[in-house]
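# Coordinates in review
This is what each chain is made of:
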Amino acid sequence: MKVGARAFKTGLAVTIALYVAGAFGMKAGVFAAAIAAVSSIQPSIHRSIVTILEQIQANLFGAVLAIILVLTIGNEPFLIGFGIMIVIGICMLLKINQDATYIAIITVIAIMESTDLPFLQFAGIRISAILIGIVSAFIVNSVFLPPKYETKLFNQINETTADILQWIRVTTRHLSNQPALKKEIKRLDQQLSKIDQIYSLHAGERIYSQKKAFARARKLVLFKQMIHTSKKAHLVLQNLHKLDYEIEHIDPDLNKQIVEEIDNTLNTHEKLILTYLGRIRKKQSNSVIEPTASNIPELVESLMDEQSENLAVRLKLLPLASTLMDYHNELMHFQKLLNSFQKHN
């Protein structure tokens, strides 16, 4: 069983929160501190900085609401539910994020619980304990195992792209197992969505050195284009899967042209990624990132001319022609960005 960094940080934050709350004699608030620590762990350092202020605010206005309700009406179970509804409504009105809303809910429940202690003393302990949990999670998030989203992002792009290109090669030769390919297309679509999420987390991180920020911005643009290009390759795969039967029964020479031109395009895509990785020798780098040797526009014309008297066949081939042209254009843009990126590095 593999324990991820977030699981480790969550456990560590809870441990710290429990020890600190115990050290201050907050026996009535140790579990509130633990729950707050669990709810406050964030996937990135920047998000921790952004959310900690909202979480503290949510804790305070959740506490104020709970105290007012207990002192004026009471702490019956239906009043706790009523308090939670109010606090959720306030959070939505103020557009407070979901994690901070959870903190506000935890505060309301923690304070409105029945106790033998003087109420205001009990409320103060619970508020302080929750703040300890929030701060513990923030410290752990900032200091221990900071996420390396750049490495994770590129690895995901590289692996997903390799799978897409492999399946395109198999499908253009009409060798793919159709049920297996259908499952793979769905899995690859989920992987691309996951890549978008990782990119958002990586792009959200802040760099305070202007020089590093500029270099990172160029790399982010390149990563974004890698993702766009891989998505277009995925669309090509989807259309090849849908039109497998039609393509297999068109003119043999055109079928051969499809295989050759798509292979050339896939080879260029792979070489560009290898160039970024530095695995292409420097003296060859310039030739690698020259415009691709494949002739997709000519292939698209051939697809549109195929059985031109048969409109139904042309209409069926139109989506493939369109996605091939889009893939070609994204690949050309990827080449230009990579060329520019290498000149400045």
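This write-up is about the structure you can find in this document.

Basis of the calculations
- Residues numbered from 1 in each chain as written.
- Predicted model: local features only at pLDDT ≥ 70, side-chain atom pairs only at ≥ 80, totals over all residues.
- Heavy atoms only, no water.
- Salt bridge = Lys/Arg side-chain N within 4 Å of Asp/Glu carboxyl O.
- Helix = DSSP H or I, 4+ residues; strand = E, 2+ residues; numbered from the N terminus.
- Buried < 20%, exposed > 50% of the residue type's maximum accessible area, 1.4 Å probe, protein only.
- Axes fitted to C-alpha atoms, helices over the stretch in contact; angles between N-to-C directions.
- Parallel < 35°, antiparallel > 145°, perpendicular 65-115°, else oblique.
- Left-handed = near helix turned anticlockwise from the far one by under 90°.
- Contact = heavy atoms within 4.5 Å.
- Nonpolar A, V, L, I, M, F, W, Y, C, P; charged D, E, K, R; others polar.

Under the criterion given, the structure shown has nine salt bridges. Of the charged contacts in the structure, one is a salt bridge between Asp196 and Lys231, with a shortest N-O distance of 2.8 Å. Of this pair, Asp196 sits in helix 8 (residues 178–204) while Lys231 sits in helix 9 (residues 210–242), and the two are 35 residues apart along the sequence. The exposure class assigned to Asp196 is partly exposed, which follows from its relative accessible area of 23%. Judged by its relative accessible area of 29%, Lys231 falls in the partly exposed class. Residue Asp326 is joined to Lys232 by a salt bridge in which the shortest nitrogen-to-oxygen separation is 4.0 Å. Of this pair, Asp326 sits in helix 14 (residues 311–343) while Lys232 is found in helix 9, placing the two residues 94 residues apart along the sequence. Judged by its relative accessible area of 23%, Lys232 falls in the partly exposed class. Each member of the salt-bridge network shares a partner with another, and the members are Arg169, Arg173, Asp263 and Glu270.

Quick look at the packing of helix 1 (residues 5–23) against helix 6 (residues 119–143) now. It is at 8 Å that the axes of helix 1 and helix 6 come closest, and there the two elements cross at 135°. It follows that helix 1 is oblique to helix 6 by the angle criterion. Read as a crossing pair, helix 1 and helix 6 show a hand that is right-handed. Along its contact with helix 1, which presents Lys9, Leu12, Ala13, Ile16, Ala17, Val20 and Ala21, the element helix 6 presents Ile132, Gly133, Ser136, Ala137, Val140 and Asn141. Within the contact of helix 1 with helix 6, the residues separate by chemical class into nine nonpolar, three polar and one charged.

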